Amino acid sequence: MKRQFLILAIIFGGVASQVQAQKPNRIAYIDMEYILANVPEYQEASAQLDQRVLQWKNELETDQKKIESLRISLEQERPLLTKELIEEREANIEFEVSKIAEYQQKRFGTNGDFILQKKRLIQPIQDQVFNALQEIGEQRNYDFIFDRTSNVGLVFSAERHNISDQVLRMITRAAGREQLTSKAEISEFDREENRTVEQDAVVNERQQAAEAVKNEREALIEERKKERDSLRAAKQKEFEERRAKILEERQRKKDSIENARKQKTGNN
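Here we summarise the structure given alongside this text. If you're wondering where the values come from, they're calculated on a predicted model, not measured in any experiment.

Scanning the entire structure with this criterion turns up 6 salt bridges. Note that Lys 65 is salt-bridged to Glu 61, the shortest N-O span being 3.6 Å. With a gap of 4 residues between them, Lys 65 and Glu 61 both fall in helix 3 (residues 40-77), about one helical turn apart. Using a relative accessible area of 55% as the deciding quantity, one classes Lys 65 as exposed. According to the relative accessible area criterion, Glu 61 is partly exposed, its value standing at 38%. Across the salt bridge formed by Glu 77 and Arg 89, the nearest N and O atoms sit 3.1 Å from each other. Here the residue Glu 77 occupies a position in helix 3, and Arg 89 occupies one in helix 4 (residues 83-108), the gap between them amounting to 12 residues. Taking the relative accessible area as the measure of exposure, Arg 89 reaches 26% and is therefore partly exposed. Taken together, the salt bridges that share partners define one network made up of Glu 75, Arg 78 and Glu 90.

Here it is, written out as structure tokens:
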């Protein structure tokens, strides 16, 4: 799994580096199993599901023991039974076996209760993790985020790496070229497509520049906020120290007056 994650990271890093050679990619990874294991809601949901699974398995085990008991009883009594009774007992055992298979499919099949309840209990928590990933990816300008414990691998990709429109444009371009007949028409079509690609590149570059300015502005605002908070904290600390000193001086004077009164009373 780690090897698969590393290969995916190298592939995406290489492709994106050709598109944006001037900007190194920001790539991160997560350990989904570790995250979920440390979410209390997930642990509680998993415990509930495990309890139900244990109950279902116990029911299956009880039914299987019942069938085994019927088979043993049949083998022991077979010499004493008629052919009709033997066939009736065997049919009854087969019926019980089919009931177990049906129950097992109902609980643990592809669309069984285990899958459905796992989705109902755990899916909302996984959605929370996914939403957090999207928010972190956008706020910190990650290009790709991978899950090293998942077969899917990629769990976040910046929208600027989405080339779906380019693929559609290329398909449309190919279809348009097929409808053209003369070399002049094809040349004009290619020039128009190249202008469109260049315009897209310019727009993309402007968007990246605007995003960089925005990030710089936000960083500056955050830095100024930290400075204000630090200055406010320093002033608050100075105020508290001055206040404590005044209270201490008042208490000292109060104690001095009280001691003087006691001495005067003692002398009288």
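A few words on the sheet that holds strand 1 (residues 27-30). Spatially, 1-2-3 is the arrangement adopted by the 3 strands of the open sheet, whose pairing is mixed. Bordering the open sheet on either side are strand 1 and strand 3 (154-157), each of which pairs with just one other strand. Shown here is a sheet whose adjacent strand axes are inclined to one another by a mean of 20°, direction ignored. In terms of strand pairing, strand 1 meets strand 2 (residues 144-147) through 4 bridges, oriented parallel. Note on strand 2: the bridge partner recorded for Ala 28 is Ile 145. Most of the contacts of helix 5 (residues 113-139) go to strand 3, to which it runs at about 40°, and overall it touches strand 1, strand 2 and strand 3.

With that out of the way, let us pick up the packing of aromatic side chains. Overall, the coordinates contain 3 aromatic pairs when judged by the stated rule. Arranged with centres 6.3 Å apart and planes meeting at 40°, the rings of Phe 108 and Phe 114 form a pair that is tilted. Note on Phe 108: relative accessible area 30%, which makes it partly exposed. Classification of Phe 114 by relative accessible area gives partly exposed; the value is 25%. Aromatic ring contacts, followed pair by pair, group Trp 56, Phe 108 and Phe 114 into a single cluster. Sitting above the plane of the Tyr 142 ring, Arg 26 keeps its charged end 4.7 Å from the centroid.

The end-to-end C-alpha separation of helix 3 is 55 Å, in line with the 56 Å expected for 38 residues at 1.5 Å each. What helix 3 keeps buried is the set Tyr 42, Ala 45, Ser 46, Leu 49, Val 53, Trp 56, Leu 60, Ile 67 and Leu 74. Tucked inside the fold, the buried residues of helix 3 contact helix 2 (32-37), helix 4 and helix 5.

Our next topic: helix 5. In this model helix 5 runs 39 Å from its N-terminal to its C-terminal C-alpha over 27 residues, within 8% of the 39 Å that 1.5 Å per residue would give. Within helix 5, the axis deviates most sharply at Ile 122, by approximately 45°, and proline Pro 124 lies no more than four positions further along. Check the buried side of helix 5 and you find it contacts strand 1, helix 2, helix 3, helix 4, strand 2 and strand 3. Within two residues after helix 5, Asn 141 carries a phi angle of roughly 55°, on the positive side.

Relative to the helices and strands, Phe 95 is located in helix 4. Taking the relative accessible area as the measure of exposure, Phe 95 reaches 49% and is therefore partly exposed. For the pair Phe 95 and Ile 67, spaced 28 residues apart in sequence, the C-alpha to C-alpha distance is 9.9 Å.

This brings us to the nonpolar core. Within the largest apolar cluster, 27 residues are counted, with the highest numbers of intra-cluster contacts made by Ile 30, Leu 36, Tyr 42, Ile 122, Ile 125, Leu 133 and Ile 145. Only strand 1, helix 2, helix 3, helix 4, helix 5 and strand 3 provide two or more residues apiece to this core. The biggest single contributor to this core is helix 3, with 8 residues. Beyond its immediate chain neighbours, meaning those up to four positions away, Ile 30 contacts Ile 35, Leu 133, Ile 145, Phe 146, Asp 147, Arg 148 and Val 155.

Thresholds, definitions, all that
- Residues numbered from 1 in each chain as written.
- Predicted model: local features only at pLDDT ≥ 70, side-chain atom pairs only at ≥ 80, totals over all residues.
- Heavy atoms only, no water.
- Salt bridge = Lys/Arg side-chain N within 4 Å of Asp/Glu carboxyl O.
- Helix = DSSP H or I, 4+ residues; strand = E, 2+ residues; numbered from the N terminus.
- Buried < 20%, exposed > 50% of the residue type's maximum accessible area, 1.4 Å probe, protein only.
- Pairing = 2+ DSSP bridges.
- Axes fitted to C-alpha atoms, helices over the stretch in contact; angles between N-to-C directions.
- Contact = heavy atoms within 4.5 Å.
- Phe/Tyr/Trp six-rings, centres within 6.5 Å; stacked < 30°, edge-to-face > 60°.
- Lys NZ or Arg CZ within 6 Å of the ring centre and 35° of its normal.
- Expected span 1.5 Å × (residues − 1).
- Bend = angle between axes of the 7 residues up to and from the residue.
- Core = buried A, V, L, I, M, F, W, Y, C linked by side-chain atoms within 4.5 Å.

Keep in mind these values describe shape, not function.
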